[in-house]
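Next come the chains, spelled out residue by residue.
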Amino acid sequence: MGVVRENWRIFLLIVVLLGSLFALFSPTMAQDGADAPGLASSGATNLQYGLQLSGGTRIRAPLVGVTATSVEFGETQPPQVEQDVAGQLDGVTVADVIVRQQTQTTGTVEVTVDGVTPEQLGTALDSAGYTYENTREGVTAETRSQTVDILSNKINEAGLSGGTVQQIQTPTGENYVLIEVPDENRQRVVNLVNQRGNVRVDAYYPTDGGYDRETVLERDDFQSIGNAQQGGEGQLPHVPVVVRESVAADFQQRMVQTGVASQGGSRCRYETAPNSTDPCLLLVVDGQVVNSFGMSPGLAAGMRSGDWAQDPRFILQTQNFSEARQVAINLRAGALPAPLDIGPDGEGTSSFIAPSQGQSFRTDSLLTGIIAVFAVAGVVFLRYGEVEVALPMIVTALSEVVILLGFAAGIGYPLDLSVIAGFIAVIGTGVDDLIIIADEVMAEGDVNSRRVFQSRFKKAFWVIGAAAATTIIAMSPLAVLSLGDLQGFAIFTILGVLVGVLLTRPAYGDILRALLTR
Amino acid sequence: MVAFEVPEIDYTRYTNRQLAAVPLAVLAVALLIIGGWYVATGAPVNPGLDFTGGAELRVAVDAPDGQAREQIQQAFDPNPATIRSVPSDDTYILTFQTEEVGVSTLEEQARAAGFEVQSSYTVSPSFGSRTQLLALGGVAFAFFGMSALVFLMFRTFVPSIAVVISAFSDIVIPVALMNVLGIQLTLGTVAALLMIIGYSVDSDILLNNHILRRSGGFYESTHRAMRTGVTMTLTSLAAMLVMTIVATLFGIQLLAAIGTVLVFGLTTDLMNTYMLNLSLLRWYKYEGVGN
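Fair warning: this is a prediction, and the values are worked out from it, not measured in the lab. (Residues numbered from 1 in each chain as written. Chains lettered and ligands numbered in written order. Predicted model: local features only at pLDDT ≥ 70, side-chain atom pairs only at ≥ 80, totals over all residues.)

Asks: What am I meant to see in the overall build of chain A here?
Replies: Assigned secondary structure in chain A consists of 15 helices and 18 strands. Whereas a compact globule of 518 residues would reach a radius of gyration of roughly 24 Å, chain A reaches 33 Å, over 25% beyond that. Considered along the principal axes of its C-alpha atoms, chain A spans approximately 110 × 60 × 40 Å. The buried share among the 518 residues of chain A stands at 51%. Across chain A, the fraction of contacts at a sequence separation of at least 24, relative to all contacts at a separation of at least 6, is 71%. (Helix = DSSP H or I, 4+ residues; strand = E, 2+ residues; numbered from the N terminus. Rg over C-alpha atoms; globule rule 2.2 N^0.38 Å. Buried ≥ 20, exposed ≤ 12 C-beta atoms within 10 Å, placed from the backbone. Contact = placed C-beta atoms within 7 Å.)

Asks: Quick question: what am I supposed to make of the sheet that holds strand 10 (residues 199–207) of chain A here?
Replies: Remark on secondary structure: sheet strands pair via backbone hydrogen bonds, oriented parallel or antiparallel. Residues and elements named next belong to chain A. Read across the open sheet, the four strands follow the order 11-10-14-15; overall the sheet is antiparallel. Only two strands of the sheet have a single partner each, and these edge strands are strand 11 (210–218) and strand 15 (288–293). Put simply, the sheet's adjacent strands are angled 30 degrees from each other on average, direction ignored. By the bridge criterion, five bridges tie strand 14 (residues 280–285) to strand 15 in an arrangement that is antiparallel. (Pairing = 2+ DSSP bridges. Axes fitted to C-alpha atoms, helices over the stretch in contact; angles between N-to-C directions.)

Asks: Explain the pairing of strand 3 (residues 91–96) of chain B to me, please; I cannot follow it from the model alone.
Replies: The two faces of a sheet get side chains in turn, since along a regular strand they alternate between them. All names here are of chain B. Bridge count between strand 1 (residues 54–60) and strand 3: six bridges; the pairing is antiparallel. Considered in strand 3, the bridge of Ala 60 is made with Thr 91. Bridging between strand 2 (residues 82–86) and strand 3 involves five bridges; their strand directions are antiparallel. Counterpart to Thr 82 in the pairing with strand 3 is Thr 95.

Asks: Looking at this model, I keep getting lost on the packing of helix 13 (residues 417–442) of chain A against helix 14 (residues 450–480) of chain A. Mind explaining?
Replies: Helix-helix packing: each pair is described by the crossing angle between the helix axes and the interaxial distance. Residue and element names in this part refer to chain A. The geometry of helix 13 relative to helix 14 is characterised by a closest axis approach of 8 Å and an angle of 155 degrees between their N-to-C directions. The angle between the axes of helix 13 and helix 14 places the two elements in the roughly antiparallel class. At the point where helix 13 passes helix 14, the crossing takes the right-handed sense. Across the interface between the two elements, Thr 429, Asp 433, Ile 436, Ile 437, Glu 440 and Val 441 of helix 13 pack against Phe 453, Arg 456, Phe 457, Lys 459, Ala 460, Val 463, Ile 464, Ala 467 and Thr 471 of helix 14. (Parallel < 35°, antiparallel > 145°, perpendicular 65-115°, else oblique. Left-handed = near helix turned anticlockwise from the far one by under 90°.)

Asks: Whenever I open this one, the domain arrangement of chain A confuses me. Can you help?
Replies: Many structure descriptions define interface size as the accessible area lost when the parts assemble. Here chain A is partitioned into domain 1 (2–40 + 354–516), domain 2 (66–138), domain 3 (143–195 + 339–351) and domain 4 (199–325). A C-alpha centroid distance of 32 Å is found between domain 3 of chain A and domain 4 of chain A. (Domains from an automatic or database assignment.)

Asks: Can you walk me through the sheet that holds strand 5 (residues 97–101) of chain A in this structure?
Replies: Residue and element names in this part refer to chain A. On the basis of which strands lie adjacent, the open sheet formed by four strands has the order 5-6-4-7 and antiparallel pairing. Edge positions in the sheet fall to strand 5 and strand 7 (134–137), since each has one partner strand and no second. Averaged over all pairs of adjacent strands, the angle between their axes in this sheet comes to 20 degrees, without regard to strand direction. Packed on one face of the sheet, helix 5 (residues 118–128) meets strand 4 (66–72), strand 6 (106–111) and strand 7 and runs near 30 degrees to strand 4.

Asks: In this structure, what is going on with the nonpolar core? I would like to understand it.
Replies: The nonpolar side chains of a soluble globular protein tend to be buried with one another. Val 376 and Ile 427 of chain A are the most contacted members of the largest nonpolar core, which totals 144 residues. Broken down by element, this core gets its largest block of residues, 17 residues, from helix 9 (residues 253–288) of chain B. If near-sequence neighbours (up to four positions away) are discounted, Val 376 of chain A is found in contact with Ile 427 and Val 431 of chain A together with Thr 235, Ala 238 and Ala 239 of chain B. Among the nonpolar cores identified, the runner-up in size contains 80 residues, and Ile 59, Ala 68, Leu 316 and Ala 324 of chain A belong to it. (Core = buried A, V, L, I, M, F, W, Y, C linked by C-beta atoms within 7 Å.)

Asks: In this structure, what is going on with the interface of chain B and chain A? I would like to understand it.
Replies: Facing 63 residues of chain B, the contacting portion of chain A comprises 64 residues. Every element with two or more residues in the side of chain B that touches chain A is listed here: helix 4 (103–112), strand 4 (116–123), helix 5 (125–154), helix 7 (187–213), helix 8 (218–250) and helix 9 of chain B. The biggest single contributor to the side of chain B that touches chain A is helix 8 of chain B, with 15 residues. Grouping the amino acids of the side of chain B that touches chain A by side-chain chemistry returns 38 nonpolar, 17 polar and eight charged. The sheet contact formed by strand 17 (residues 349–353) of chain A and strand 4 of chain B spans five bridges and is antiparallel. Bridge assignment links Phe 352 of chain A to a residue of strand 4 of chain B, and that residue is Ser 120 of chain B. (Nonpolar A, V, L, I, M, F, W, Y, C, P; charged D, E, K, R; others polar.)

Asks: How do you make sense of the domain arrangement of chain B when you look at a structure like this?
Replies: Residue and element names in this part refer to chain B. One can read the domain layout of chain B as domain 1 (25–48 + 127–288) and domain 2 (54–123). Each of domain 1 and domain 2 has a C-alpha centre, and these two points are 35 Å apart. In this assembly, five residues from domain 1 lie in contact with six residues from domain 2. When residues of the side of domain 1 that touches domain 2 are traced back to their parent elements, those giving at least two are helix 5 and helix 8. Among the residues making up the side of domain 1 that touches domain 2, the classes are represented as three nonpolar, two polar and no charged.

Asks: What is the right way to look at the environment of Ser 399 of chain A in this model?
Replies: Residue and element names in this part refer to chain A. When you line up the elements, Ser 399 lands in helix 12 (residues 387–411). The buried category is assigned to Ser 399, around which 23 C-beta atoms lie within 10 Å. When the C-alpha atoms of Ser 399 and Leu 13 are compared, they prove to be 8.6 Å apart, with 386 residues separating the residues in sequence.

And the structure:
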């Protein structure tokens, strides 16, 4: 029993080490690699790798928009308010204005389009006759979480497995949306998330003085949205949809009235002859007409007889398959309430690492770390010339890294280059402190009694504690500030210092005592 | 095995003034360089992509020796601001400091020229300038936090200020060296500057602790502190030197940047601790304390 009590620090270290190894290698601890969001599991260990070491795309951007708070609507209903505000601003449509009621008569007004300043929103509200408390950059929390939900839907619908979308807030109060998609090309992700995804169907039909355009179907009017179809056999790529029963009759009537469902169907020539074509249906995505089509005689007959509304199936034709897929994703996921501020003059950052590059970063950084350890070991051996002192030193320092790796695997923290840099820093500071202990303990002749050892060890520990405290202070800004990739570096350096001071360095002291006071 | 010993320096041969003169002169030169840089370029250091905004591409170019750079110059409009080759594989790291062209366009240009895009990274200018502010604040917080901690630990003015001045110089001299050698300030180098605060103070604390709190003569304590402290700094230096070289060969910029700046910082720290800090301590011990 005495052995255990005297060397409890060593035993504690061994227990923690075993725990770490368990977290690292045990299959029971493995998180399901495919399902773990934004991460790729490595196979042999339970470590999760971040995008830098596995490849993929990361986009970090704020949402575009300005907000007015505590706007007094009075008796006016939100849709009317949206129209009034949109009417006062150039280049802003009703779809870009979001009114959220907080009480019966007040609420927030957001304009989510690029190029509108808070001042302009204020002026627009003034001219529309609404009073407000103040206007600011940014959107409301509701809009943010809605956007995040829709973005995740989009990424899931597009089949980008393992992609994640989350909100992050910097300590200075800025809000960002962070999108991470493993193994995916930057361009594809940007194309996907950059689209607002507002899909609607307009009727385009001749009137007395020319042609008129009117929205006949919107996203909410669909009961179900099928998978995009390749088409073939004379059929264009398309998305099969079912229109809601509640609006089917209305839609059917509009089709007949506008002449889209005329006797014998309609042939659309919107693209070539917009001024002399039959009535058309236009598929509009984010205000752009992506395709125009007429109606087949059979469908037109069904609408005219009123039978169609009993089984209101419909197809949305597109020019090509990828467009059909895009339309299906947008319809299912919904339109983003506010766009992401990416692009050349945006506020966002984006990064892409090819999977092959991530792989080589992984092996290369591992190699770099190992070589750094050898460099440290070399200096230590040269300096002490005693294997008894030097070897435990290296082993102890490495055990710190094992504990940290186990910790990372246990909580599923994704390893990135910055975390690896943190590990190397940990080995550096760890060995430094072990040198302090060794020198202090072995100073002035032999350590013959336990009491002498204890007092010297305590003295050494004062310096180590002081040094650890300064390192933690120095690193803490990086750990809390969201300075991009460096958070991992700071967190693991701080953790390493803590593990060192509380666990490994006391254990090294015990090892050294056992070796020197035999 | 051949054990090396940290050489014992006979400090009695030098006066405090002589000892302090060298590091102070170097510090003055470094401050002059940084000041000059500020006057000439409007910024004390060359801010990198993280802070100015811009784009960075890593492309694999399949071209015979010597022609790759030419091909790259032709492929992109605008031309890349810098082209760096990665020795371990045939890739090139290109940076573009432009706001007009998005990284998507650059990626397309690269693919059109037959290059394989290994990675791309883009930061918007407004985001960059905010990051710069945060980073600056972070370094300032770290420095003042460390200073406060040192004063709390030693509770005497001269030894504390000696540590703080040494740490200040340990940061300033690497920054000046970065300017001279054309190394840009990136998130990696900011991390390294913060690490310097953590690393460099260790040996200063050790020295102060040995001289102020232990029995034994000044020179004996100094020698013991040096034996430990120099070994510590040398191991860290070895690790960082090796990391810098290997990471540069592999083209892992983050690790290379951290390594380079830490090598500067640790080397500077050797000088500052055992010349500047030591001379201040000796003055304090023999003349400053009224005994």
